[in-house]
2 protein chains.
Amino acid sequence: MKGTVLYGARDIRFEDRPEPKIIKPADAILRLSASCICGSDLWPYRGIANFAELPAPMGHEYCGIVEEVGKEVRNVKPGQFVVGSFATSDNTCVICQDGYQSSCVQREFMSAAQAPLLRVPLADGTLVPITDVPPKELIPSLLATSDVLGTGWFAADAANVKSGKTAVVVGDGAVGLLAVLSAKQMGAERIIAMSRHESRQKLAREFGATDIVTERGEEGIARIKELTKGLGADSVLECVGTQESMLQAIRSTRPGGYVSYVGVPHAVKLDGTELFFGEVHLHGGPAPVRRYLPDLIELVLDEKINPGKVFDLKLPLDQVAEGYRAMDERRAIKTLLQP
Amino acid sequence: MKGTVLYGARDIRFEDRPEPKIIKPADAILRLSASCICGSDLWPYRGIANFAELPAPMGHEYCGIVEEVGKEVRNVKPGQFVVGSFATSDNTCVICQDGYQSSCVQREFMSAAQAPLLRVPLADGTLVPITDVPPKELIPSLLATSDVLGTGWFAADAANVKSGKTAVVVGDGAVGLLAVLSAKQMGAERIIAMSRHESRQKLAREFGATDIVTERGEEGIARIKELTKGLGADSVLECVGTQESMLQAIRSTRPGGYVSYVGVPHAVKLDGTELFFGEVHLHGGPAPVRRYLPDLIELVLDEKINPGKVFDLKLPLDQVAEGYRAMDERRAIKTLLQP
């Protein structure tokens, strides 16, 4: 088969790769219905965060049909449609049971999902099967639950978004947009999206944003304060991962409020004294998508949400390099890849 | 009257000061029953954190009898015994109503309490009156509620200490010791105190510590992991405020666990990537003591807790300089000052 491999900055190749095989008895092999490119893939693509080893097979968002399972696998079987998280989990350890499957004691981060076939370790704990094979038009939204929606959902949950409260979303990438959708689902009364791109603002409003703030940095913070009686917001969802965005999030939050951060931070240093006097709650990390998957899948199957709208570019898998370019140049919010 | 003034590093003077007067109509003047020296007073005393202006009147922990009130004061009256927080609050703004009185929109940090008389702004919101003047033997414990116990209590609350869970307390100062007491009151099953001082270990055990860890830094973290099935603790209460203690706390916490920090951080910088992959909850700041005061006062009056035990040195107010020396040299945990 052919799969996607990053060789270096902006050097994506779709090339011959060995077909994945069952290696451990808890593995499953999936034939993917769709995969996609993550905002986090752009860091190594841009050469900012380097993988320990290059070339590196790319992709960690996936859904598809089970092709084969290892001899210990009990919860999924060949022929079933499944969605899994970008982080594998046994779903039985203490950390998993507490809802932090993305930090499972056996966790591995997935890779090599921008390909037609994928090996998933810890299949029983990682994958969620769906009773019937879903209709094709729901595939993008089901694929979204695998990471980008699950991560936006965690942003809203970790920022304690509650009915009647004000939530600010920093970042208008796919995760930020789905954080808006998540905050709406959790009942936020006011959802302020920080975005300066018209097409993204439009989608943010469609997903539930009540206000758009185009200013950034100190001006953005001042604008949020203006909109929140001078106090700052109850919940601020940081969906970028830069020093500027983290500070913007922390400084836009009222004392006693909540800041979540769900994008891998790059060169972020937080000053203890500022955090102390800001008196915010801070929580983030790799989203425990597995915790939310059953509920998110149900919301999609019931057509109560349509997170697949973030895929504004759909390409055949063999054009994956163009998918990266389009996202890198912000021509696309998120690229879906069809094997 | 005479009061305590810091002139520079290790230069504490007990000298003539003007008697405090009502300045604003929401003020009250107290005749203090007792005051004390705070661990946080040692930072400027050691010349590490400088006040913007020196000389600076010292002291922010207090209880006593109301001597006079401004014309807007309704909730307290002359002759009443009151306890107040180290941070003033109107107790009516949105932030106060949410329980973050230490970040009240009208907050001032108290000072000049190491003296016989004290002016307290926003008396109605800041002070909690007690129906009868309490017996003398309860004064140390009531004084403790004003800051050191309230701060330890916040450490336990912010770290989500719950019945049956494991809590680690980093720091064996008075706040750390009362964080142990607070964790015990909140039902923690296992309370691990990190301390290498025998007298403090003894008091920690008396307050409810089930384990003592004497190692620090990487060895301390390894020891906590050993005691928690390799995972880290559910709740870690950071009661020091240095880079080393913050990292020790964060790295001793299991993914999804809670870290609180209640001492003003000094030169602390937190790495975003480490926080992200640690996946802890982080919350701290100036303790909203006013939130807890009514309950803490009741626990003291009912003699269910005896936080006053942290005062292992009691001096007449005019020997305040010796009180600072004893704490600086760690000969005393905490010094009570009797006017």
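Scroll up a little and you will see the structure.
Notes on the structure in this doc start here.

Calculation criteria
- Within each chain, residues carry numbers counting from 1 in the order of the written sequence.
- Whichever chain is written first becomes A and whichever ligand is written first becomes 1, with later ones labelled in order.
- With pLDDT at 70 or above as the cut-off, local features in this predicted model cover only qualifying residues; side-chain atom pairs require 80 or more to be listed or tallied, and sums for whole chains, interfaces and linings still use all residues.
- Where helices and strands are cited, they refer to DSSP runs of H or I of at least four residues and of E of at least two residues respectively, numbered from the N terminus.
- In this treatment the radius of gyration is a C-alpha quantity, and the globule benchmark scales as 2.2 Å times the residue count to the 0.38 power.
- Exposure classification rests on a simple neighbour count of other C-beta atoms within 10 Å of a residue's own: a residue reaching 20 or more is buried, one at 12 or fewer is exposed, and one in between is partly exposed. C-beta atoms are placed from the backbone.
- Residues are defined as contacting one another if the C-beta atoms placed from their backbone atoms lie within 7 Å.
- What makes a nonpolar core is a set of buried Ala, Val, Leu, Ile, Met, Phe, Trp, Tyr and Cys residues, with links drawn between C-beta atoms within 7 Å.
- Superposition of the copies used a least-squares fit over C-alpha atoms from residues whose pLDDT is at least 70 in both.
- One fewer than the residue count of a helix, multiplied by 1.5 Å, yields its expected span.
- When DSSP finds two or more bridges between two strands, those strands count as paired.
- Fitted lines through C-alpha atoms give the axes, limited to the stretch in contact for helices. The angle between two N-to-C directions lies from 0 to 180 degrees.
- Gly falls in the polar group here, along with every residue not listed as nonpolar (Ala, Val, Leu, Ile, Met, Phe, Trp, Tyr, Cys, Pro) or charged (Asp, Glu, Lys, Arg).

As for the overall build of chain A
Reasoning step 1: If you tally the helices and strands in chain A, you get 12 helices and 17 strands.
Reasoning step 2: Computed over C-alpha atoms, the radius of gyration of chain A comes to 19 Å, within 12% of the 20 Å expected from 2.2 N^0.38 for 339 residues, which places it in the range of a compact globule.
Reasoning step 3: With the C-alpha coordinates of chain A rotated into their principal frame, the extents come out at 60 × 40 × 40 Å.
Reasoning step 4: For chain A, the residues scored as buried account for 57% of the 339 residues in total.
Reasoning step 5: Within chain A, contacts between residues at least 6 apart in sequence are counted, and of these 69% link residues at least 24 apart.

Topic: the nonpolar core
Reasoning step 1: With 218 residues, the main nonpolar core has V169, V180 and L237 of chain A together with V169, V180 and L237 of chain B as its most contacted residues.
Reasoning step 2: For L237 of chain A, the contacting residues outside a window of four places in its chain are A155, A156, A159, A167, V168, V169, V170, A179, A183 and S260 of chain A.

A few points about the relation of the copies chain A and chain B
Reasoning step 1: Superposing chain A onto chain B takes a rotation of 180° combined with a translation of 0.0 Å along the rotation axis, leaving an RMSD of 0.0 Å. The symmetry that links the two subunits is that of a two-fold axis.

Re helix α6 (residues 174-185) of chain A
Residues and elements named next belong to chain A.
Reasoning step 1: Over its 12 residues, α6 runs 17 Å from end to end, which matches the ideal 16 Å to within 8%, given 1.5 Å per residue.
Reasoning step 2: In terms of burial, α6 is a largely internal element, 10 of the 12 residues being buried.
Reasoning step 3: Three or more residues of α6 are buried, namely A174, V175, G176, L177, L178, A179, V180, L181, S182 and A183.
Reasoning step 4: If you follow the buried residues of α6, they end up packed against α4 (139-145), α5 (148-158), β9 (166-170), β10 (190-194), α7 (198-207) and β12 (233-238).
Reasoning step 5: Just downstream of α6 lies G187, where phi reads positive at about 95°.

Quick word on the sheet that holds strand β10 (residues 190-194) of chain B
Whenever strands of a sheet pair, they do so through backbone hydrogen bonds, lying parallel or antiparallel.
Reasoning step 1: The strand order across the open sheet built from 12 strands is β11(A)-β10(A)-β9(A)-β12(A)-β13(A)-β15(A)-β15(B)-β13(B)-β12(B)-β9(B)-β10(B)-β11(B), with neighbouring strands paired in mixed fashion. The sheet is open, and its two borders are formed by β11 (211-213) of chain A together with β11 (211-213) of chain B, each paired with just one other strand. On average, each strand axis in the sheet is tilted by 20° relative to the strand beside it, whichever way the strands run.
Reasoning step 2: Here β9 of chain A pairs with β10 of chain A via 5 bridges, running parallel. Following the sheet pairing, V169 of chain A is matched in β10 of chain A by A193 of chain A.
Reasoning step 3: Sheet strands touched by helix α9 (residues 243-251) of chain B: β9 (166-170), β12 (233-238) and β13 (253-261) of chain B. Its angle to β13 of chain B, the strand with the most contacts, is close to 145°.

Observations concerning the interface of chain A and chain B
Reasoning step 1: Between chain A and chain B, the residue contacts involve 29 residues of the former and 29 residues of the latter.
Reasoning step 2: At the level of elements, α2 (94-97), β13 (253-261), β14 (269-271), α10 (272-278) and β15 (281-284) of chain A are the ones that each hand at least two residues to the side of chain A that touches chain B.
Reasoning step 3: Taken together, the residues of the side of chain A that touches chain B sort by class into 15 nonpolar, 9 polar and 5 charged.
Reasoning step 4: Of the pairings in the sheet, the one linking β15 of chain A to strand β15 (residues 281-284) of chain B comprises 3 bridges and is antiparallel in character. Across the sheet, the residue bridging to H281 of chain A is H283 of chain B, located in β15 of chain B.

Without other data, these values stay purely geometric and don't point to any function.
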